[in-house]
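Listed below, chain by chain, are the residues.
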Amino acid sequence: MDINFTPEEEAFRNDVRAFLNEKLPPALSDKVLNHKHLGKEEFVRWQKILYEKGWAAPGWPEKYGGPGWTPVQKSIFEEETALAGAPPLLPFGLAMVAPVIMNFGSEEQKQQFLPPILSADTWWCQGYSEPGAGSDLASLKTRAERQGDHYIVSGQKTWTTLAQHADWIFCLVRTDPQAKKQEGISFLLIDMNTPGISVRPIITLDGAHEVNEVFLDNVKVPVENLVGEENKGWTYAKFLLGHERSGIAGVGRGKMELRRLKDIASREKKNGRPLIEDPTFRSKVAQIEMELDALEMTDLRVIAAVQHGQAPGPEASMLKIKGTEIRQEIYHLIRQAVGPYALPFQPGALSEAGTDDAVAPDYALTAAATYFNNRKLTIFGGSNEIQKNIVSKMILGL
Amino acid sequence: MDFSLTDEQRMLQDTVERLVQDQYGFEQRHSYMQAEEGFTREMWHQLAELGLLGVPFSEELGGFGGGPVETMLVMEAFGKGLVLEPYVASIVTAGQLIGDSGSDAQKEAILEPLISGELLLAFAHGEPDNRYSDTQVSSRAERSSGGYVLSGHKAVVLHGDSADKLVVSARTGGDTMDADGISLFLIDATAQGVSIQGYPTIDGLHAAEVRLDRVQVGEDALIGQDGKAADLIELTQDRGAFAVCAEAVGAMTVACDLTLDYLKQRKQFGVAIGTFQSVQHRMVEMRMELEQARSATMKAAAKLAGNDVAERRRAVSTAKNQVGRGGRFVSEQSIQLHGGIGMTEEYNLAHYAKRIAMIDNQFGDADAHLDRFSSHMTVPKEL
Ligand SMILES: Cc1cc2nc3c(=O)[nH]c(=O)nc-3n(C[C@H](O)[C@H](O)[C@H](O)COP(=O)(O)OP(=O)(O)OC[C@H]3O[C@@H](n4cnc5c(N)ncnc54)[C@H](O)[C@@H]3O)c2cc1C
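Residues numbered from 1 in each chain as written. Chains lettered and ligands numbered in written order. Predicted model: local features only at pLDDT ≥ 70, side-chain atom pairs only at ≥ 80, totals over all residues. Heavy atoms only, no water.

### Some thoughts on the interface of chain A and chain B
By a widespread convention, an interface's size corresponds to the accessible area lost as its parts come together. Listed by partner, the interface residues are 53 residues for chain A and 44 residues for chain B. Summed over both sides, the interface of chain A with chain B buries roughly 4,200 Å², with 54% coming from carbon and sulfur. At the junction of chain A with chain B, the criterion picks out seven salt bridges. In this structure, B:Arg282 engages A:Glu385 in a salt bridge whose closest nitrogen and oxygen atoms are separated by 2.8 Å. Our enumeration of links across chain A and chain B arrives at 31 residue pairs in polar contact (both at pLDDT 80 or more). Sorting the residues of the side of chain A that touches chain B by element identifies β6 (197-203), β9 (269-270), α9 (279-307), α10 (315-337), α13 (367-373) and α14 (384-395) of chain A as the ones contributing at least two each. Taken together, the residues of the side of chain A that touches chain B break down into 24 nonpolar, 15 polar and 14 charged. (Contact = heavy atoms within 4.5 Å. Buried area = accessible area lost by both parts, 1.4 Å probe. Salt bridge = Lys/Arg side-chain N within 4 Å of Asp/Glu carboxyl O. Polar contact = N/O pair within 3.5 Å; in protein donor to acceptor, adjacent residues only side chain to side chain. Helix = DSSP H or I, 4+ residues; strand = E, 2+ residues; numbered from the N terminus. Nonpolar A, V, L, I, M, F, W, Y, C, P; charged D, E, K, R; others polar.)

Shown next as C-alpha cells:
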C-alpha cells in the first residue's frame, strides 16, 4: 500500500496549478469563492480558456479531443480547479449527453454535437424529471409519437437546470406507452428553438433562478435526433449513471469550502476573539475536516480501483451521500459563523461585484442563500434516500 | 402539575389563531410583504384592536396582564402564519423593557400609543462585532451638559426601519467587554445624528443598521440606572429568545403538518412516499424534535415568570438550543422529504423552512446557548 501520489502525478498537479495561476481570471475566481451567481458568459468564458489548453473535457477520450487523463489525474484536476475557485464545468453537455452520444450515437450525431460541446459553443440542459416523475424517473409521461421522419413531442419537464441558457435539451421521452415502463423510453436530442417549446422560470427559496419548467407542445423533432435505438433510452440513461461518477464526492469543492469556513471563522469574532479560537465552534470545524479527510481517502480508493480497470459501482452512492452531507454541514457552519449578519437579504451582493449599500462582507451576505440553495445537493442526482436504497440493495444485498 | 390552559388563555389563543387563519394565507402574506416596511399598518392596528399589543403589560399600565405563557400563545400562533409584524421588536423586547424599567414619564409617553398601535419601538443592542453577547458594547454615551451624546453602530436591529423610537444600549463607563457601565436610552428614530438603513431579511422580515453620530439626548432618555443595564439587557434578550422559540414551535408545527400531508399525497413507484419506512422514520424524528422544542419552550415560559435568574437562564438556553438544533432538522428534512418542490419560492413550505432556520441567527444560536447553559449548569460537589 502506498497512499502517496507518484512523482508524475505530483508534477501534473504542479502543471495544473501553474496553468490556473496564469489563466484563471481573478474576477471569476473572486465570484466563485464568494458564492455569487455566475452568468452564462462566465461559464462559457472559463470553458473556452480550458478548451484552448485542451483541458475542457477531463473525462473524454483523446479521440474526441479529451486530454486522455487517468482517473487520478482527473481527480487532481478537479481538486485544483475547485480550490482555485474556477467555475465548475457544467455536466449537462460535457459529462452527460456527450458520453451517451459517443457510445450510442450515430457518426453524424458525433460530428454535429461533440465539437461544439467541447468548445462551449452549445449549451445543453437535462430533460429527465417531470412533475410526476422524480425519484421514479421511469414513470415519465412526456410522449413522442413517430409521424413520418419526425417525432411529435408533448409533455412537461421540470427542475431543468439553466434551461434558460440552453440551445439543446436531451430528453427521456415515452415512445411506447404499451410497453413496461422502463422499456418504452427513448433518448431524444431537441433543439430549444423548435416551435412549441416554452421555458418558465422556477425561483428557488434563496431567490435564485437556476431551475425551470420546460413545456413541450407538439414539438417536431427530426428522427435523426434519436440517440441509438427507439425504446432503449432507459439503458442509455442508466449507462450515464454508471459512467460519469468521478467527482461525485466533491472532495475538491469540499476542501475549498472548508478553507473558506476557516477563513471566515478567523475574521468573525466571538467575545472579542476570533471565532475559530472558540472551542465550541472550533470543534465543529475540526469534526468536519476529519470527515472530509476520511472521505478523500474513500474517494481515492474508488479512483484507484477505476484506474486498475474496475468499474465504479454502487460505491459511488456512498461518495455522493457523504460528500453532500459534508458540504451541507460546511454551509451550515458558514451561516452560523456569520451570526446575525446571515439575515440581511441583499440580492445585489449575490449577483454583481457588490452592492453599494452592502451592510456586511460578501461572505456574510451570501451565507444564508448558499446554505438554502445547497439543500439541493441531497435531492438531485438521485436523492440521498435513493442512494441509500442502492447501497442496501447492491452492496449489502438487503 | 397541569398543562392545560385557563379559559382566558384559550380565548386568547383562539383569537390569534383565527386571525392568522383568516388573514395570513400564503398569498395574503405575500401581499403584506410588498409594503415598504415589510408589513402593513392595517394589520398592526388590527392586532391593537384585538388587544394583542397589550398582552404582556399589566392592567394598570393599560395592558392585558398576561405573562410569558400568553406571549407564548401569541407567538406560536404567529409562527403558524409567519406573521410579519414587529411584535417581538416592539412589544416583547423594547416594549416590556419600558414597561418594567422605564421612568414614569417614559411609560406615560410610550405605553399608551404603543398598545394602541400608534407607536413602534425597536431594541437596538447588537453591534457588528458582538455576535449575541449581552454585554459586549462599544457604542458610547458621553455625558454632556443636561444629558448624553451617543455614538456607535447598532447592527441587524429587528424592524429598526419602522420604529418611531429606539431602545439603544451604549456605554457610559467601562470597556467594551465589561458587564458594568452599560446604559439604555430611549431615542427618537428621527433625532439628529441617527441614520437608519433598513433592508429585508432572507426569511421575509425587516431589519436595519442604525448608526448614531453624536446624537444628543436629555437626562430623561436614560432607562433605569446609569451603567447598570446589563441584567435588563440579558432579560430582554431572554424574552426575545423565548418569543422566537414559541414562533419556531408554531412554524415547525406547520412544516411538520405540510410534510406529513405531502408524504400521504405524493406518489412515486406507484405508492405514497410515506409508505417507505426510511421516510416514516425521518418524519417521526421531525415530530420528536418538534415536541422537544415545544416542551423546552413551555419550561422557559414557566421560568421566565419565576424569580430565579439561574433557572431562567438555563431554561431559556435549553429552549433556544433545542429550537436551534431541532428547528434546523425540521427545516432541512421538511425540504428534503418534499424533494424539488420543497425548494421553491412559490410553495409555502420553503418560507417556513427559512424562518425556522434563521431563528437560530437571532438572540443567540444553538452554540451560544450551549455555552451559556454549560456555564450555569450545576455540578454536584460530592459524588
Ligand atoms: C436544484 C435542482 C436542480 C435539478 N436539476 C435537474 C435537471 O437539470 N434535470 C432534471 O432532469 N432534473 C433535475 N432535478 C430534479 C431532481 O433530479 C429530482 O428533484 C429528484 O430526482 C427527486 O425527485 P422529486 O423532486 O420529484 O422528489 P420525489 O421523488 O417526489 O421524492 C420526495 C422525497 O421522497 C423520497 N423518496 C422517493 N422515493 C423513495 C424511496 N423509494 N425510498 C425512500 N425515499 C424515497 C425522496 O428521497 C425525497 O426525499 C433538479 C432538482 C433540483 C432540486
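Here the narrative resumes.
### With respect to the domain arrangement of chain B
Residues and elements named next belong to chain B. According to the domain assignment, chain B consists of domain 1 (7-119), domain 2 (122-227) and domain 3 (231-375). For domain 2 and domain 3, the distance between their C-alpha centres works out to 30 Å. On the domain 3 side, the residues contacting the 12 residues of domain 2 number 15 residues. Across the domain 2 to domain 3 interface the summed buried area is about 1,200 Å²; carbon plus sulfur atoms make up 68%. The largest contributions to the domain 2 side of the interface with domain 3 come from Tyr132, Asp134 and Asp203, which together make up 49% of the buried area. Where domain 2 meets domain 3, there are one salt bridge. A salt bridge links Asp203 to Arg355; its shortest N-O distance comes to 2.8 Å. Across the contact surface, domain 2 and domain 3 share two residue pairs in polar contact (both at pLDDT 80 or more). For the side of domain 2 that touches domain 3, the class distribution of residues is seven nonpolar, three polar and two charged. (Domains from an automatic or database assignment.)

### Observations concerning the nonpolar core
Among the nonpolar cores identified, the biggest contains 137 residues, and B:Phe78, B:Tyr87, B:Val167 and B:Leu184 are the most heavily contacted of them. Non-local contacts of B:Val167, meaning those with residues more than four positions away in its chain, are made with B:Ala94, B:Leu97, B:Ile98, B:Ala122, B:Phe123, B:Ala124, B:Leu184, B:Phe185, B:Leu186 and B:Ile223. Counting residues in hydrophobic clusters, the runner-up holds 50 residues, among them A:Trp69, A:Leu140, A:Trp234 and A:Leu240. (Core = buried A, V, L, I, M, F, W, Y, C linked by side-chain atoms within 4.5 Å. Buried < 20%, exposed > 50% of the residue type's maximum accessible area, 1.4 Å probe, protein only.)

### A look at the domain arrangement of chain A
All names here are of chain A. When the domains of chain A are assigned, the result is domain 1 (7-89), domain 2 (124-231) and domain 3 (249-394). Put simply, the middle of domain 2 and the middle of domain 3, counted by C-alpha atoms, are 32 Å apart. Taken together, the contact pairs five residues of domain 2 with seven residues of domain 3. Together domain 2 and domain 3 conceal approximately 490 Å² of surface at their shared face, both sides included; 54% is due to carbon and sulfur atoms.

### Things to note about a nonpolar patch on the surface
Residues and elements named next belong to chain A. Where nonpolar side chains cluster on the molecular surface, the patch consists of Met318, Ile390, Met394, Ile395, Leu396 and Leu398 and spans about 600 Å² of accessible area. When residues of the nonpolar patch are assigned to their parent elements, the largest contribution, three residues, is made by α14. Looking at the secondary structure, you find Ile390 in helix α14. A relative accessible area of 31% places Ile390 in the partly exposed class. (Patch = residues over 30% accessible without salt bridge, like charges linked within 9 Å, V, L, I, M, F, W, Y side chains within 5 Å. Areas by Shrake-Rupley, 256 points an atom, 1.4 Å probe, with all protein chains shown as cover.)

### Describing the environment of B:Met177
Of note, B:Met177 is situated in the loop between β4 (165-171) and β5 (182-188). You can call B:Met177 partly exposed: its relative accessible area is 40%. Sequence spacing of B:Met177 and B:Ala366 is 189 residues, and the spatial spacing of their C-alpha atoms is 22 Å. Beyond its immediate sequence surroundings of up to four residues, B:Met177 is in contact with A:Asn271, A:Gly272, B:Thr135, B:Gln136 and B:Arg171.

### Looking at the packing of helix α9 (residues 309-338) of chain B against helix α10 (residues 348-358) of chain B
All names here are of chain B. Two numbers describe how α9 lies on α10: the axes approach to 8 Å, and their chain directions differ by 155°. Between α9 and α10, the angle falls in the class roughly antiparallel. At the point where α9 passes α10, the crossing takes the left-handed sense. Two secondary-structure elements touch here, α9 through Gly327, Ser331, Ser334, Ile335 and His338 and α10 through Leu349, Ala353, Ile356 and Ala357. Of the residues in the contact of α9 with α10, the class split is five nonpolar, four polar and no charged. (Axes fitted to C-alpha atoms, helices over the stretch in contact; angles between N-to-C directions. Parallel < 35°, antiparallel > 145°, perpendicular 65-115°, else oblique. Left-handed = near helix turned anticlockwise from the far one by under 90°.)

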